[in-house]
Amino acid sequence: MNALVIGKPNAGKSLFVLNFAAYLGLKEIRLEVTDGEGGAHHQRLPLERARHQLVSRAPHRTGVAHLIAIELADGKSRRTLTLVDTVGISEGIHDQLMVRRAMADTLDRLSHSHLVLHLVDACAVHTDRVEALGAVDDEIVRYASPNRPYAILANKMDAPGSADGLRLVRDRYRGLPVLGISALTRRGFREVKSFVFRHLA
Amino acid sequence: MPASVLPSDHSDPLSTREVLHWLESGRLTPDAALRHLARIERHAAPGRPDAPGASPDRIDHILAELNNLVGLAEVKQLVAELRAFIDIQSRRAAVGLRTESQMLHMVFKGAPGTGKTTVARVLGRLLQALDVLPKGHLVEVERADLVGEYIGHTAQKTRDAIKRALGGILFVDEAYALARGGDKDFGKEAIDTLVAALENHRDEFILILAGYPDEMAWLMASNPGLLSRFPIHLTFPDYRPAELVAICRLMLEDRQYHLDAEAQARLTQYLASRAGFWHANAGNARLVRNLLERAIRQQAVRLSPLPNLSRSDLMLLTWADFEGSL
């Protein structure tokens, strides 16, 4: 099953994917990197190195979608959950072709994914930073929430101002599941796990 | 910096592809793209089923691949039966009924180039997708891989091959060769080891013995224990000319070549006129492949002196490319 992690640049998608994969018991990341031309290659990384290599504070650190496959032992049956870390979707038309192409790829994957985890930055909701909630988030909600398992993860709950932000997110997307998490401290991962497992096809 | 430019064009993108393309070329903002995607999907599939599981998807994909193989009606029917059987077994298990583990060891009878290995490979993936085999890989061996050079060597080599195949399929090509040497031959020991493994590693791997029809019948007769252990016998008939032409077309498509009208007509005629001409075991689909590959080389010889070549020039095979090699 594919779980797509989507959101604005710098919402914390990559750190969430890596730490969540570790939380689910993964020791080593076997990264399937697809480049723009459709080729794929594999890369083995210990988690610590992966974190160093894939995560940064600057937006658009993730240039292409990363797929992380996790084998889940669920009673007798074994299942594979593929976490898809995508390129952030920014507001407006981006001026770099590479980024636009990567965003198109993200939307393409979105249309094929089974489950969507939509990351928002809880402590930037009411600011005017690029991570603030915007039209893109509204449209992701509108596109993805009706026809597949969908949850909003309000990230960065460890940072100041995030409690207010979480409230604002809940207000704005009333009726949808909103989970407060911290990709950094792994707060709320238990809830995310139970959400994902509930919808494992 | 991201520039906030609204799309100047008034018309709307019509397909998912187009939306993504417009987004990439900077004609749409991401949020507008998402809006269009939602609209297009609403129109395209009103009663779209909820997020299908990965596994049925994969099974269908593999079945489609099998169905794309030309001919092989008997094989396709068997696979449909297997799938239904496995499905019912798992549904019986779900309501607590006793399930039956059926032996799936098989004998494939057919001339070379009739698709035995191809089918075995697809079967492995299919059985893996159906959770019958944990890995579903194919280990291809022949007499030389199983039979050793001194006493005791054979059992060891055969057991090694079986060990590699656990979780998947052990495919013994030209299996009759194991029984050919007579009583003193080590091939007999290989057969005995295989038969023992069928009991000791029950349900852990699937053994497929493949070879020419006549010789396989002879192998089965040579060891009374063998026949009863292979409930599934599949015959791979030689391809008919029309099927060879269809195979030819698929192979060309795969390699991104096509035939001009003359080549198409004359090749069809050639394949039809030679039906039954070939030696009974002369090669079938493999022969078509060799024919095409020779033509592709001929085309390269014909084209390479020319300075300017268009895309369609590079794809086109003419009758001249075939003529020399027939």
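Residues numbered from 1 in each chain as written. Chains lettered and ligands numbered in written order. Predicted model: local features only at pLDDT ≥ 70, side-chain atom pairs only at ≥ 80, totals over all residues. Heavy atoms only, no water.

J.: I tried to follow the pairing of strand 1 (residues 106-110) of chain B on my own but got confused; where do I start?
T.: A regular strand carries its side chains on alternate faces of the sheet. Residue and element names in this part refer to chain B. Of all five residues in strand 1, four are buried; the element is thus mostly enclosed. The sheet contact formed by strand 1 and strand 4 (residues 206-211) spans four bridges and is parallel. The residue of strand 4 that forms the bridge with M106 is I208. Relative to strand 5 (residues 232-236), strand 1 runs parallel, the two being bridged by five bridges. Bridge pairing in strand 5 links F108 to L234. (Buried < 20%, exposed > 50% of the residue type's maximum accessible area, 1.4 Å probe, protein only. Helix = DSSP H or I, 4+ residues; strand = E, 2+ residues; numbered from the N terminus. Pairing = 2+ DSSP bridges.)

J.: Which parts of the structure should I look at to understand the nonpolar core?
T.: Inside soluble globular proteins, nonpolar side chains tend to come together where they are buried. F108, L123, I208, L267 and F322 of chain B are the most contacted members of the largest nonpolar core, which has 53 residues in total. When residues of this core are assigned to their parent elements, the largest contribution, seven residues, is made by helix 5 (residues 116-129) of chain B. Two domains each put at least three residues into this core: domain 2 (54-236) and domain 3 (241-323) of chain B. Other than its neighbours up to four places away in sequence, L267 of chain B contacts C248, L259, L291, W319 and F322 of chain B. Membership of the second largest hydrophobic core comes to 39 residues, among which are L67, V99, V116 and Y150 of chain A. (Core = buried A, V, L, I, M, F, W, Y, C linked by side-chain atoms within 4.5 Å. Domains from an automatic or database assignment. Contact = heavy atoms within 4.5 Å.)

J.: Just checking my understanding: could you explain the packing of helix 11 (residues 241-255) of chain B against helix 13 (residues 284-303) of chain B for this structure?
T.: Each packed pair of helices is defined by two parameters, the angle between the axes and the distance between the axes. All names here are of chain B. Look at helix 11 against helix 13: their axes get within 10 Å of each other, and the N-to-C directions meet at 45°. Viewed along their axes, helix 11 and helix 13 adopt a mutual orientation that is oblique. As helix 11 packs across helix 13, the resulting crossing turns out to be right-handed. Along its contact with helix 11, which presents L244, I247, C248, M251, L252 and R255, the element helix 13 presents N284, A285, V288, R289, L292, E293 and I296. For the contact of helix 11 with helix 13, a count of residues per class yields nine nonpolar, one polar and three charged. (Axes fitted to C-alpha atoms, helices over the stretch in contact; angles between N-to-C directions. Parallel < 35°, antiparallel > 145°, perpendicular 65-115°, else oblique. Left-handed = near helix turned anticlockwise from the far one by under 90°. Nonpolar A, V, L, I, M, F, W, Y, C, P; charged D, E, K, R; others polar.)

J.: Whenever I open this one, the pattern of salt bridges confuses me. Can you help?
T.: Should their charged atoms come close, side chains of opposite charge can pair. On inspection of all chains with the given rule, the structure shows 21 salt bridges over all chains. For D164 of chain A, the salt bridge is made with R167 of chain A, and the minimal N-O distance between the two is 2.7 Å. In this pair, D164 of chain A and R167 of chain A both sit in helix 5 (residues 162-172), three residues apart, roughly one turn of the helix. In this structure, the salt-bridge partner of R83 of chain B is D60 of chain B, at a minimum N-O distance of 3.6 Å. Separated by 23 residues along the polypeptide, R83 of chain B in helix 4 (residues 73-94) and D60 of chain B in helix 3 (residues 54-68) bring together distant segments of the chain. One continuous salt-bridge network, built from bridges that share partners, spans E139 and R142 of chain A together with R35 of chain B. (Salt bridge = Lys/Arg side-chain N within 4 Å of Asp/Glu carboxyl O.)

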